[in-house]
Structures are given as structure tokens and as C-alpha cells.
Amino acid sequence: MDALEWLQATTLAVALRRSATLYMFVNAAHILAIGLLVGAILPLDLRLAGVFRKVPVEIIAPFLSRAAGIGLAAAILTGFCLFSVRAVEYAGNPAFLAKLGLIGLGLLNLLTVHLGRGWKTAISIGIVRPGLRFSAALSAAIWIAAVVAGRWIGFL
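All of these numbers come straight from a predicted model, not from anything done at the bench.

Caption draft 1: Just the overall build of the protein chain, in detail. Tallying secondary structure elements over the protein chain gives eight helices and zero strands in all. Summarising its shape, the C-alpha atoms of the protein chain cover approximately 50 × 25 × 25 Å along the three principal directions. Taking all 156 residues of the protein chain together, 41% fall into the buried category. Across the protein chain, contacts joining residues at least 24 apart in sequence account for 77% of those joining residues at least 6 apart. Total accessible area on the protein chain is roughly 9000 Å²; 74% of this is exposed by carbon and sulfur atoms. In the protein chain, 13 side chains carry a positive charge and 5 a negative one; their mean positions are 15 Å apart.

Caption draft 2: Up close: the pattern of salt bridges. Scanning the entire structure with this criterion turns up one salt bridge. Of the charged contacts, one joins Glu 89 and Arg 86 as a salt bridge, the two residues approaching to 3.8 Å between their closest N and O atoms. The class of Glu 89 is partly exposed, set by a relative accessible area of 47%.

Caption draft 3: Structural detail: the packing of helix 6 (residues 94-115) against helix 7 (residues 117-125). At a closest axis distance of 4 Å, the pairing of helix 6 and helix 7 adopts a crossing angle of 60°. Each of Val 113, His 114 and Leu 115 in helix 6 lies in contact with helix 7, whose residues at this interface are Arg 117, Trp 119 and Lys 120. For the contact of helix 6 with helix 7, the residue count by class is three nonpolar, one polar and two charged.

Caption draft 4: Molecular detail of helix 7. Listing the buried residues of helix 7 in full gives Gly 118, Trp 119, Thr 121 and Ala 122. For helix 7, the buried positions fall inside an angular range of 165° around the axis, keeping them on one side. Residues of helix 7 that are exposed and point more than 90 degrees away from the buried face comprise Arg 117, Ser 124 and Ile 125. For helix 7, the secondary structure elements touched by its buried residues are helix 3 (20-49), helix 4 (57-85), helix 6 and helix 8 (130-152). Where helix 7 terminates, the next one or two residues include Gly 126, which has phi positive at roughly 80°.

Caption draft 5: Up close: the side chain of Thr 78. Here Thr 78 lies in helix 4. The buried category is assigned to Thr 78, whose relative accessible area is 11%. The contact partners of Thr 78, leaving out residues within four places of it in the chain, are Val 26, Ala 29 and His 30.

Caption draft 6: Region of interest: the packing of helix 2 (residues 11-18) against helix 3. Where helix 2 contacts helix 3, the axes come no closer than 5 Å and their chain directions differ by 105°. When the axes of helix 2 and helix 3 are compared, the pair comes out roughly perpendicular. Along the contact surface, helix 2 presents Ala 15, Leu 16 and Arg 18, while helix 3 presents Ala 20, Leu 22, Tyr 23 and Val 26. Split by residue class, the contact of helix 2 with helix 3 holds six nonpolar, no polar and one charged.

Caption draft 7: Seen up close, the packing of aromatic side chains. Under the counting rule described, the total for this entry stands at three aromatic pairs. Measuring from ring centre to ring centre gives 5.1 Å for Phe 83 and Phe 96, while their planes differ by 10°; the resulting arrangement is stacked. On the criterion of sequence distance, the pair formed by Phe 83 in helix 4 and Phe 96 in helix 6 is long-range, its members being 13 residues apart. Of the two residues, Phe 83 and Phe 96, neither departs from the other in class, the shared state being buried.

Reading guide: rules and limits
Residues numbered from 1 in each chain as written. Predicted model: local features only at pLDDT ≥ 70, side-chain atom pairs only at ≥ 80, totals over all residues. Heavy atoms only, no water. Helix = DSSP H or I, 4+ residues; strand = E, 2+ residues; numbered from the N terminus. Buried < 20%, exposed > 50% of the residue type's maximum accessible area, 1.4 Å probe, protein only. Contact = heavy atoms within 4.5 Å. Areas by Shrake-Rupley, 256 points an atom, 1.4 Å probe, with all protein chains shown as cover. Lys, Arg positive; Asp, Glu negative; His and termini not counted. Charge placed at Lys NZ, Arg CZ, Asp CG, Glu CD. Salt bridge = Lys/Arg side-chain N within 4 Å of Asp/Glu carboxyl O. Axes fitted to C-alpha atoms, helices over the stretch in contact; angles between N-to-C directions. Nonpolar A, V, L, I, M, F, W, Y, C, P; charged D, E, K, R; others polar. Arc of directions from axis to C-beta. Parallel < 35°, antiparallel > 145°, perpendicular 65-115°, else oblique. Phe/Tyr/Trp six-rings, centres within 6.5 Å; stacked < 30°, edge-to-face > 60°.

All quantities given are derived from atomic positions and should not be read as evidence of function.
Shown next as C-alpha cells:
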């Protein structure tokens with residue numbers, strides 16, 4: 001708890017609490033980052049899961065994967081800034097904890113996919129193996145659930 005209270009007292013957290021304009025810009029950046037993440041990962045997951053079969057995986061997968069990575073990094077950075085404003089309160093929010101758990105699952109799935117042979121085969125010769133199809137469907141479900149959990153935070 002002390003670490004969370006310290007985080008709430010940092011210069012950044014205080015500045016975000018004192019300036020509605022600064023908070024609004026960080027919040028907007030967080031929403032845009034989530035949009036980039038989900039806007040890239042869902043088409044990629046759908047393609048890997050078997051939808052849009054005419055679209056070459058080896059062409060779109062590297063681009064969409066990088067775009068999702070940029071969105072994820074920006075969402076984590078801006079999300080941490082927003083968390084710092086009310087860290088103690090958010091740490092006790094079940095929806096926030098669910099969101100963190102889902103993000104953790106999404107990252108674990110991401111690592112499993114990117115370190116596996118299925119990903120290498122898909123981006124090199126365009127063949128999507130069944131295991132990768134399953135991981136892609138799982139990824140889509142996880143990231144959608146994370147967005148829902150994120151929206152749920154404000155209602156608890």
C-alpha cells in the first residue's frame with residue numbers, strides 16, 4: 001500500500017489530478033493507443049483464425065503485429081500514468097484487477113505465439129497451423145475481454 005500511496009504522490013500523478021486538460025490528453029492518448037492495439041490485433045487474429053483467407057498472412061502479419069505492439073506499449077505507458085492518479089483505489093477495483101489479469105494472459109499468449117514455430121511458418125511461407133489458429137482466436141477473446149474490463153472499471 002505504501003508504494004501505491006507514494007505513486008499517487010509523484011509529480012506526474014499530482015499534475016494529472018490538478019490539470020483536467022493534461023488528464024484529458026493522457027486519457028485520449030490511452031484510448032487512441034487501445035484503438036491502435038485492438039484495431040491491429042483483431043484483423044490479424046481473424047486472419048490467423050481463418051477469416052479473410054485471400055489476404056496473404058506473410059504480408060499483413062508482420063505489419064499488424066508491429067502496429068499492435070506500438071499500441072500496446074503506448075497503452076501501458078498511458079495506462080500507468082492514469083493508474084497513478086488513483087492507484088490505491090484502482091488496486092482494489094475488481095474490474096481493474098480483471099483487466100490486468102487479461103492483459104497478462106494476452107501477453108503470455110503473445111509470447112507463446114511469437115516464440116513458436118507456427119508464427120515463423122505463417123510469416124515466412126503463409127501457412128497457418130491449427131495451433132496458431134487456436135491462439136489467434138484466444139487472443140481476440142482475451143483482448144476484447146480486456147477492453148470490456150477496462151470500461152467496467154468506472155462502473156464499480
